[in-house]
Amino acid sequence: MLKIKRNSRALAILAILLIAVAIAPSAQSYPFGVSGVQNDGCTCHGQSPSEEVVPSLEGLPDELEFGATYTLNITFTGGPSGTDPGATALGGFHLWVSAGSLAPVDDKVKANPDGSVTHNGIDNEDSGQGNDQTLWQVEWTAPSEGGAKFILHTNSVNGDGTSGGDMYGRLTMDVGPQPTEQASGLTVLATAILLMVMITLGCVLWVFYRQSPDAFAWENFWPWFSDFITSTDHKKVGSLYMVNGLFFLGVGGLFAMIFRIQLSSPGNDFLTQDEYNQFFTMHGTTMIFLAAMPMIAGFANWIVPLQLGASDLALPRLNALAFWLNPAAAILIFSGIFSGQGADTGWTGYAPYIVSHTAHSGATLWVAGQILLVASSTISGINFMTTFCTMRAPGMGWMNMPLFSWSMLIATLMLFISIPAFGIGLIQVLLDRTIGTVFYEVAAGGDPLLWSHLFWYFGHPEVYVVVLPAFGVISEVLSTSARRTIFGYKSMVFALAGIGIIGFIVYGHHMFTSGMSPLLRFVTMLTTMLVAVPTGIKIFNWLQTMHGGSLVYRTHTLWALGFLVTFTLGGISGMYFPAIAMDLHLHETYFVVAHFHYVFVGGIVFGLYSGIYYWFPKATGRMMNEKLGILHFMTGFISYNLIFWPMHRLGIQGMPRRQHTYFITTDEYFALPPETADWNMMITIAAFMFFASNFILVYNMISSGLRGRKAPSDPWGGWSMEWMVTSPPPTPSHDPSNLPNMKFAEVHDDGDPGLFGRLIEWMMIPEDGGGEEE
Amino acid sequence: MSYGGHDDDHHDHQHSHWGPHDWTHGHGGAPHNSWAPIMMAFGASFFLLGFTKVFTQTWDDNADLWTYAIHSSEVGILIAGLAIFFAGITVFWRQDWSHDGSYEAKSEGTPFRTIDIRKVALWMFLMSEMMVFSSLFSTYLRYRTGFDNCEALFESGLFVEGQSCWLPASYFIAEGGYHQENAHAALGFMPDTLIPGAINTFALIISSYTIVLALKTAKDASLSDAERNSKVGKYLLTTLGLATLFLIFKMVEWFIGFEIGHGEDALFHSPSLLADGFTIHASEYTYCHEWDHHGGADHAGACAAGSSAIFDIRMAASTFYVTTGTHGVHVFGGMVALFYMVIKAFRGGYTPENAVSIEYFGLYWHFVDLVWVLVFPAFYLY
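Residues numbered from 1 in each chain as written. Chains lettered and ligands numbered in written order. Predicted model: local features only at pLDDT ≥ 70, side-chain atom pairs only at ≥ 80, totals over all residues.

**Quick word on the overall build of chain B**
Stage number 1. What chain B contains, in helices and strands, is twelve helices and nine strands.
Stage number 2. By the burial criterion, 40% of the 382 residues in chain B qualify as buried. (Helix = DSSP H or I, 4+ residues; strand = E, 2+ residues; numbered from the N terminus. Buried ≥ 20, exposed ≤ 12 C-beta atoms within 10 Å, placed from the backbone.)

**Describing the overall build of chain A**
Stage number 1. Secondary structure summary: chain A contains 19 helices and nine strands in total.
Stage number 2. Expressed as a percentage of its 774 residues, the buried residues of chain A come to 52%.
Stage number 3. Pairs at least 24 apart in sequence give 81% of the contacts found in chain A among residues at least 6 apart. (Contact = placed C-beta atoms within 7 Å.)

**Description of the environment of V601 of chain A**
Stage number 1. Position of V601 of chain A among the secondary structure elements: in helix α16 (residues 590-620).
Stage number 2. Here V601 of chain A falls in the buried class, since 21 other C-beta atoms lie within 10 Å of it.

**Thoughts on the sheet that holds strand β7 (residues 135-141) of chain A**
Residues and elements named next belong to chain A.
Stage number 1. Strand order in the open sheet formed by four strands is β1-β2-β7-β4, with antiparallel pairing between adjacent strands. The open sheet is flanked by β1 (54-58) and β4 (101-104), the only strands paired with a single partner. Taken pair by pair, the neighbouring strands of this sheet meet at an average axis angle of 30 degrees, ignoring direction.
Stage number 2. The pairing of β4 with β7 spans four bridges and is classified as antiparallel. (Pairing = 2+ DSSP bridges. Axes fitted to C-alpha atoms, helices over the stretch in contact; angles between N-to-C directions.)

**Considerations on the sheet that holds strand β9 (residues 308-312) of chain B**
Adjacent strands of a sheet form backbone hydrogen bonds with each other and so pair up, either parallel or antiparallel.
Residue and element names in this part refer to chain B.
Stage number 1. Ordered by their spatial adjacency, three strands build an open sheet running β3-β9-β6, and the pairing between neighbours is mixed. The sheet terminates laterally at β3 (163-164) and β6 (285-288), the two strands that pair on one side only.
Stage number 2. For β3 and β9, the ladder comprises two bridges, and the chain directions are parallel. Looking across to β9, one finds that S164 is bridged to D312.

**A few points about the interface of chain A and chain B**
Bring the parts together and some accessible area is lost; that lost area is often taken as the interface size.
Stage number 1. Each partner contributes residues to the interface: chain A has 65 residues there, and chain B has 60 residues.
Stage number 2. Mapped by element, the contributors of at least two residues to the side of chain A that touches chain B are α4 (218-229), α7 (316-338), α8 (362-390), α9 (403-434) and α10 (448-481) of chain A.
Stage number 3. The element contributing the most residues to the side of chain A that touches chain B is α8 of chain A, with twelve residues.

**Some details on the domain arrangement of chain A**
Stage number 1. Here chain A is partitioned into domain 1 (37-175) and domain 2 (185-202 + 232-707).
Stage number 2. The centre of domain 1 of chain A, based on its C-alpha atoms, is set 52 Å off from the matching centre of domain 2 of chain A. (Domains from an automatic or database assignment.)

**Focus: unusual backbone geometry**
All names here are of chain A.
Stage number 1. Here the bond from A351 into P352 is cis, since omega is 0 degrees, no more than 30 degrees from zero.
Stage number 2. Within the secondary structure, P352 is located in the loop between α7 and α8.
Stage number 3. Residue P732 follows T731 across a cis peptide bond; omega there is 0 degrees.
Stage number 4. Counting through the fold element by element, P732 comes out in the loop between α18 (675-707) and α19 (754-763).
Stage number 5. Look at R483: it is not a glycine, yet its phi comes out positive at around 55 degrees.
Stage number 6. Residue placement: R483 occurs in the loop between α10 and α11 (489-502).
Stage number 7. In this structure R483 comes out as partly exposed when scored by C-beta crowding, with 18 C-beta atoms within 10 Å.
Stage number 8. The phi dihedral of E588 falls on the positive side, at around 60 degrees, and the residue is not glycine.
Stage number 9. Mapping E588 onto the fold places it in the loop between α15 (580-586) and α16.

**A word on the nonpolar core**
Stage number 1. In terms of nonpolar packing, the biggest core is built from 284 residues, with I258, L325, I371 and L372 of chain A together with L167 and A169 of chain B touching the most fellow members.
Stage number 2. Excluding anything up to four places from it in sequence, L325 of chain A contacts L372, L373, A375 and S376 of chain A together with A41 of chain B.
Stage number 3. Formed by 16 residues, the second largest nonpolar core is a distinct cluster that contains V97, V109, F150 and L152 of chain A. (Core = buried A, V, L, I, M, F, W, Y, C linked by C-beta atoms within 7 Å.)

**What to know about the packing of α7 of chain A against α8 of chain A**
All names here are of chain A.
Stage number 1. α8 packs onto α7 with a crossing angle of 165 degrees between their chain directions and a minimal axis gap of 8 Å. Considering the angle they form, α7 stands roughly antiparallel to α8. Crossing of α7 over α8 shows left-handed handedness.
Stage number 2. Residues belonging to the contact of α7 with α8 are distributed by class as follows: 17 nonpolar, nine polar and no charged. (Parallel < 35°, antiparallel > 145°, perpendicular 65-115°, else oblique. Left-handed = near helix turned anticlockwise from the far one by under 90°. Nonpolar A, V, L, I, M, F, W, Y, C, P; charged D, E, K, R; others polar.)

**Re helix α2 (residues 36-54) of chain B**
Stage number 1. In a regular helix each residue adds 1.5 Å, so 19 residues correspond to 27 Å; α2 of chain B covers 26 Å between its end C-alpha atoms and thus fits that length.
Stage number 2. Counting buried residues along α2 of chain B, 17 of its 19 residues qualify, which places the element largely inside the surrounding structure. (Expected span 1.5 Å × (residues − 1).)

**Structural notes on the pairing of strand β2 (residues 69-77) of chain A**
Residue and element names in this part refer to chain A.
Stage number 1. For β1 and β2, the ladder comprises five bridges, and the chain directions are antiparallel. Within β2, the position partnered with V54 by the bridge is T77.
Stage number 2. Across seven bridges, β2 lies against β7 in antiparallel orientation. The residue of β7 that forms the bridge with T71 is E139.

**Topic: the confidence of the model for chain B**
Residues and elements named next belong to chain B.
Stage number 1. Residues at a pLDDT of 70 or more form 85% of chain B, whose mean pLDDT is 85.
Stage number 2. Averaged over each element, pLDDT in chain B is lowest for helix α1 (residues 7-12) (40) and highest for helix α11 (residues 314-346) (95).
Stage number 3. Residue range residues 1-14 is modelled with pLDDT below 50. Its contacts to residues more than four positions away, or to other chains, number twelve contacts. (pLDDT = per-residue confidence, 0-100.)

**Considering the packing of α2 of chain B against helix α3 (residues 75-96) of chain B**
Residues and elements named next belong to chain B.
Stage number 1. Following both chains from N to C, one finds α2 and α3 inclined at 160 degrees, their axes separated by 7 Å at the closest point. On the basis of the axis angle, α2 is roughly antiparallel to α3. By crossing handedness, the relation of α2 to α3 is classed as left-handed.
Stage number 2. Looking at the contact of α2 with α3 residue by residue, the classes come out as 21 nonpolar, four polar and one charged.

**Here's the deal with the environment of D369 of chain B**
Residues and elements named next belong to chain B.
Stage number 1. Secondary-structure assignment places D369 in helix α12 (residues 356-381).
Stage number 2. Between the C-alpha atoms of D369 and Y103, which are 266 residues apart in sequence, the distance is 30 Å.
Stage number 3. Leaving out residues up to four positions away in the same chain, D369 has contacts with L204, I205 and S208.

**Here we look at the environment of N268 of chain A**
Residues and elements named next belong to chain A.
Stage number 1. Within the element layout of this structure, N268 appears in the loop between α5 (234-263) and α6 (273-308).
Stage number 2. Judged by C-beta crowding, with 18 C-beta atoms within 10 Å, N268 ranks as partly exposed.
Stage number 3. Taking C-alpha positions, N268 is 28 Å from F66, a pair spaced 202 residues apart along the chain.

This is the structure:
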């Protein structure tokens, strides 16, 4: 026992270290002015700093004495100042300091509310106007510890009363000990990713050790490990997929955390524009292609053959190949990040930017990696389609397939019909970027819209590809938890198929602002609105399933209920976009970000979490810790909504997405109100909470997987075929010479309402009148 | 057969992860462990990494142009990637080597009941392949219909020098490019430059026939084993030969060109597209609308006065090379598979009980032929 504790402690310390590494640099970043005053100068005359105007700041000591007061002389030379003999004004200045306090010496200088000082424009008889000077004096009281950073702007004015021809100069000075250089966002990220790789490998070792602590020996490790990585068994490949998916969910989260630090306050400079572009590109790519897709494939691998009553998938070795293409592609996709030249094209990789010389060199390997992922999806698509068509247990007709299998069938069909278009587009881009073909080279007549069409022909079905399996999970979980069959099974299947068909004819709504044909815009507007019909059918069927059943509140049920709320909200906000006029307004704002995160996280990730809690006992033979599960749901659900709900508001206020910062100024174009900064700070804090809450899941999976209560073969009273085999399932999953028979759907064995359910039961007035004795 | 349900059990019978697989043991016949997937995946990854290192373009700020380079010294990763990939395929094949058809997995569910699972999978694969070529044809249609034809543009007179327009490959191959205009029509009824493409078309169609003959022979139980092995092997070898011929003529047509005789006396003269100047970098192609057969410095004649213009024909070239190139890669993939099948056939791997592998390869091969039948008119004739 002692050893186990020590190991858990080491793991916790590593996790804390990881978070610390990610957060530490932000603690050292410089303070900044809200309106970016130290970058843009005072309300300076002239558009940009001029080299002709040379400001100088004298009176600072070489050795700073803490707490002492210094008199500083501010002067400047050059520019139009003084060239006109009858000038009414000579110049002005603005001095900002990061620490200590500034005070005017005489009334030629005034103090600003933010602690900076500037010239006094008011006419004073004895000292003259503050802006009729080229020399000012201020007093600076040094801080009691640490150094300071000065930013001085001086205006050189021509004195004719207008600002034409005026120019300004900028000077920065450091005095005393300076804070250490902050690490660049990329360095933080690279360190964190490498740490995560090491932690993951450490976890693998630990899991191996825990399997048989007494027989632990290095000689046994390689056979165990190589058996895993060469396995073609659908369960082991599924586990590999899940590890891969969860790992990249963490990496994608890291990207988000780092750029949330950047966005937490206006005008922040934690990330440069260039870094920010790479971060949001890699965040999108990682989350969709390296986290969501592998996790879905993981579920499909684990569950589909078990549900269909098959012994394995149809093509086991190709299944393993489809998995191994994922990490192989990830290496290519991430290589740019480690060279500091990661892809900065957005996850859509829009042409012509992606083939232009300004795009980062990492975009080439990003494209190459995506090609491998396309190959992976194609291979697994073939595999799953074949499995669905050929390996259903005897007697299982199409309309007897469980809904998770149905959702995977539709998703797979959509995926592998649509993804070749993306693959061909990628190959064209790769060749454009390497050997010099001109598919998207505008100078040679290349059409950027062609890329958009090829991409979104795949890209829109893709979002259904990732959300349909979540629908499937929710259907399974809700019907099991409500202890009844799913309401309207056939309509559920037809709704899935309807989404599958409509999903192919709506992609134009991603291109409303791209200048495509107005007629096509109108058509896609109508078809997109049509998607709400089958989706609505599903939502109402789930509601009716719960209404007609008797719900128990297990952890997976909680996530499914959370899914219903957030996915419906995401669906409703999605209905704003097909309306062309509304879309033109909301395009490229945080409203879009809020919408697709409500669908992606609130829909897909919640659905997958629900699936993890639901099928974990089946996969490992161990029950998960329900208390930790409820804690995970509570923290996750609340912090998740705190992140994305305010984004709707930010979007309507006009905060643009894909931009590395924002300003709350009175500027006419980007007039974001001051509370925008507060909302963003809250979002960032909530984002860190959400990020942290997911470690509860990881901890729960590892600890429950090793030490959890032994699971029976059907812990939840589910009735599809995966519950008929032992937990964990044997290999092959179903005996091919003795394939299973179907069970009556009405039979539900489990009546335990769960920890949370007992709480609710305790709060409810029982239907029999409170159980009081007559 | 035991289905103990524990991997510990399984290990006792575990055969090498490198192959060959013991098909009499196991579950549904499929190998349970294999190094092939991980090798093939990372091999492909290294290959792509090497590809981007070998073929690079850099932006020249002064000229405002891309400059292209082939860094042959960087070819190491590319070759290593290919080597790992093909080593993976070899492992895959070693495991398949012992497959003799007695463990063919059959479909359980409707509508494919009793049909081989592999056959369904192959049709699924062809479905996605259709989407691959549909995407390429979409690109072709978009640009072909969206561009002005160079000849029509010249005739209209409404062009600017250096304008991008569409000069189809068929202009060089079938309609009268620079060399062809002045070459002998050796066969009389088609331009010399169309000959490689024409030979290729027939080579592929004949190879579709030979693969069917291989299948028919392999299923023929009336033959003795030795006779059947020899005949099946030879038919497969012929198919492989025809595929090789196809790729050789492709290279001739793209890069090499050939002539019989020389200069003025050439009986047959079919220059390569490269020599014609039809390349993906042809941003300043000198287009000639009318040839002067009488004057001119060399035997090929020169452009008539006032009938030349500079055009950017890169898009037509990109579309042509990438579409036909993708088809060529599919032919190459078929050759790799044929290589394995030829060896297996001569060693007696295909029997009436185990002939379906040839059939399933044949499905793919017919598909590749069919694509060529669409590619050929779209790119070579029109």
